[in-house]
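Below are the chains, spelled out letter by letter.
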Amino acid sequence: MSALRLTGPAGGAGVFSVPSRSAPGSSHAVTWAPPFVDCSCRGFGFRGHCWHAGRVAAAVLNETIALEEHAA
Ligand SMILES: [Zn+2]
């Protein structure tokens, strides 16, 4: 289960699709544009953070690491 990038360059801002843990087959849209982050799930509306946003943060970090490995 991982975040799928829909828009934007690797390591940068964009929109991701993250599978729902509680509802198999559905997914949430996460907008990643630090410091702005948004998710379509209810939990994000309550807490300002959620599991989906965390998955996107991890995915962007992995992209950044991959870019740095290419540059090395
Ligand atoms: Zn969410």
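Everything that follows concerns the structure shown earlier in this document.
Residues numbered from 1 in each chain as written. Predicted model: local features only at pLDDT ≥ 70, side-chain atom pairs only at ≥ 80, totals over all residues.

K.L.:
Lay out helix 2 (residues 51-71) in plain terms, naming residues and giving numbers.
P.N.:
Between the first and last C-alpha of helix 2 there are 31 Å, a value that for 21 residues agrees with the 30 Å anticipated at 1.5 Å per step. Residues of helix 2 that are buried: His 52, Ala 53, Arg 55, Val 56, Ala 59 and Val 60. Each buried residue of helix 2 sits inside an arc of 155° when the element is viewed along its axis, so together they form one side. Pointing more than 90 degrees away from the buried face of helix 2 are the exposed residues Ala 58, Leu 61, Ile 65, Glu 68 and Glu 69. Its buried side turned inward, helix 2 meets strand 2 (14-19), strand 3 (27-33), strand 4 (36-39) and helix 1 (42-47). (Helix = DSSP H or I, 4+ residues; strand = E, 2+ residues; numbered from the N terminus. Expected span 1.5 Å × (residues − 1). Buried ≥ 20, exposed ≤ 12 C-beta atoms within 10 Å, placed from the backbone. Arc of directions from axis to C-beta. Contact = placed C-beta atoms within 7 Å.)

K.L.:
Explain the nonpolar core to me, and be specific about the residues and the numbers.
P.N.:
Formed by Ala 3, Phe 16, Val 18, Val 30, Trp 32, Cys 39, Cys 41, Cys 50, Ala 53, Val 56, Ala 59 and Val 60, the largest nonpolar core amounts to 12 residues. Breaking this core down by element, the ones donating at least two residues are strand 2, strand 3 and helix 2. Counting residues per element, this core draws most heavily on helix 2, at 4 residues. (Core = buried A, V, L, I, M, F, W, Y, C linked by C-beta atoms within 7 Å.)

K.L.:
Can you lay out unusual backbone geometry for me, pointing to particular residues and giving the numbers?
P.N.:
Of the consecutive residues Pro 34 and Pro 35, the connecting peptide bond is found in the cis state with omega at 5°. In this fold, Pro 35 is placed in the loop between strand 3 and strand 4.

K.L.:
Please provide a residue-by-residue account of the sheet that holds strand 3, values included.
P.N.:
Hydrogen bonds between backbone atoms are what pair the strands of a sheet, whose relative direction is either parallel or antiparallel. The strand order across the open sheet built from 4 strands is 1-2-3-4, with neighbouring strands paired in antiparallel fashion. Both outer strands of the open sheet, strand 1 (4-5) and strand 4, are each paired with one neighbouring strand and no more. Strands strand 2, strand 3 and strand 4 of the sheet are contacted by helix 2, whose axis makes an angle of about 55° with strand 3. (Pairing = 2+ DSSP bridges. Axes fitted to C-alpha atoms, helices over the stretch in contact; angles between N-to-C directions.)

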